[in-house]
Amino acid sequence: QVQLMESGGGLVQAGGSLRLSCVVSERTFSMDAIAWFRQAPGKEEEFVAGISRSGRSTNYADSAKGRFAISRNNARNTVYLQMNSLKPEDTAVYSCAARSPFYTGDYVPLKYNEYDYWGQGTQVTVSS
């Protein structure tokens, strides 16, 4: 059974930085695309950033471009989200999601229900 575990969330002032990590339990096969989503109270799940199996292709939400950077290390079974210049509107629960390793191509799904495995999430709170 594949399990994902997020860490790195916390409380930070506006303009600060955080780095989130997502460790994937599966070690036989590399996951296909892996992405970060976030959900704020009263809001629907929002795509933040995603990365392909090779790491060569990435996608970012417009709100994240220029501030966030996603990366992955398949040997370490870990995906990272570096978040800089944080704003109060970034406050949310951040979750990582992984797509089955048996998919091929370089497609990065943008909807949460296109992913197969999910972590429990980590809280990010940005104060003004």
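Preceding this paragraph is the structure being described.
It should be emphasised that the depicted structure is a prediction, and the values quoted were computed from it without experimental measurement.

Here we look at the sheet that holds strand 1 (residues 4–7)
Phase 1 of the analysis: Here we have four strands laid out as an open sheet, ordered 1-3-8-7, and antiparallel in their pairing. One side of each edge strand has no neighbouring strand; the edge strands of this open sheet are strand 1 and strand 7 (68–73). Geometrically, the sheet is characterised by an average inter-axis angle of 15 degrees between neighbouring strands, direction not taken into account.
Phase 2 of the analysis: In the sheet, strand 7 pairs with strand 8 (residues 78–83) via six bridges, with the strands oriented antiparallel. Across the sheet, the residue bridging to Phe68 is Met83, located in strand 8.

Some remarks on the side chain of Arg99
Phase 1 of the analysis: Mapped onto the elements of the fold, Arg99 is located in the loop between strand 9 (92–98) and strand 10 (117–118).
Phase 2 of the analysis: On the basis of relative accessible area, Arg99 is assigned to the buried category, the value being 10%.
Phase 3 of the analysis: A polar contact of 3.3 Å, which involves the side chain of Arg99, links it to the backbone oxygen of Glu114.
Phase 4 of the analysis: If we skip the residues at most four places from it in the chain, Arg99 touches Met31, Asp32, Ala33, Tyr107, Pro109, Glu114, Tyr115 and Asp116.

Some details on the environment of Val23
Phase 1 of the analysis: As for its placement among the helices and strands, Val23 is situated in strand 3 (residues 18–24).
Phase 2 of the analysis: Considering only alpha carbons, one finds Val23 and Cys96, 73 residues apart in sequence, at a separation of 9.2 Å.

A short note on the pattern of salt bridges
Phase 1 of the analysis: One pass over the full model with this rule turns up six salt bridges.
Phase 2 of the analysis: For Arg53, the salt bridge is made with Asp32, and the minimal N-O distance between the two is 3.7 Å. One end of the pair, Arg53, is in the loop between strand 5 (46–51) and strand 6 (58–60); the other, Asp32, is in the loop between strand 3 and strand 4 (34–39), with 21 residues separating them in the sequence.
Phase 3 of the analysis: Between Lys65 and Asp62 there is a salt bridge, with its nearest N and O atoms 3.2 Å apart.
Phase 4 of the analysis: Its relative accessible area of 65% is what places Asp62 among the exposed residues.
Phase 5 of the analysis: Overlapping salt bridges bring together Arg38, Glu46, Arg67 and Asp90 as one network.

Here's the deal with the packing of aromatic side chains
The geometry of an aromatic ring pair comes down to the distance between the two centres and the angle between the two planes.
Phase 1 of the analysis: According to the stated counting rule, one finds four aromatic pairs in the structure shown.
Phase 2 of the analysis: Ring geometry for Phe37 against Phe47: centres 5.6 Å apart, planes inclined by 80 degrees, an arrangement best described as edge-to-face. In this pair, Phe37 is assigned in strand 4 and Phe47 in strand 5, connecting sequence segments 10 residues apart.
Phase 3 of the analysis: Among the residues examined, Phe37 registers a relative accessible area of 1% and is labelled buried.
Phase 4 of the analysis: Between the aromatic rings of Phe37 and Tyr115, the centroid separation amounts to 5.6 Å while the plane-to-plane angle is 80 degrees, which identifies the pairing as edge-to-face. One end of the pair, Phe37, is in strand 4; the other, Tyr115, is in the loop between strand 9 and strand 10, with 78 residues separating them in the sequence. As far as burial versus exposure is concerned, Phe37 and Tyr115 are alike and both buried.
Phase 5 of the analysis: In textbook terms, an aromatic cluster arises when at least three aromatic residues are bridged by ring pairs, as seen for Phe37, Phe47, Tyr112, Tyr115 and Trp118.

About the cut-offs
Residues numbered from 1 in each chain as written. Predicted model: local features only at pLDDT ≥ 70, side-chain atom pairs only at ≥ 80, totals over all residues. Heavy atoms only, no water. Pairing = 2+ DSSP bridges. Helix = DSSP H or I, 4+ residues; strand = E, 2+ residues; numbered from the N terminus. Axes fitted to C-alpha atoms, helices over the stretch in contact; angles between N-to-C directions. Buried < 20%, exposed > 50% of the residue type's maximum accessible area, 1.4 Å probe, protein only. Polar contact = N/O pair within 3.5 Å; in protein donor to acceptor, adjacent residues only side chain to side chain. Contact = heavy atoms within 4.5 Å. Salt bridge = Lys/Arg side-chain N within 4 Å of Asp/Glu carboxyl O. Phe/Tyr/Trp six-rings, centres within 6.5 Å; stacked < 30°, edge-to-face > 60°.

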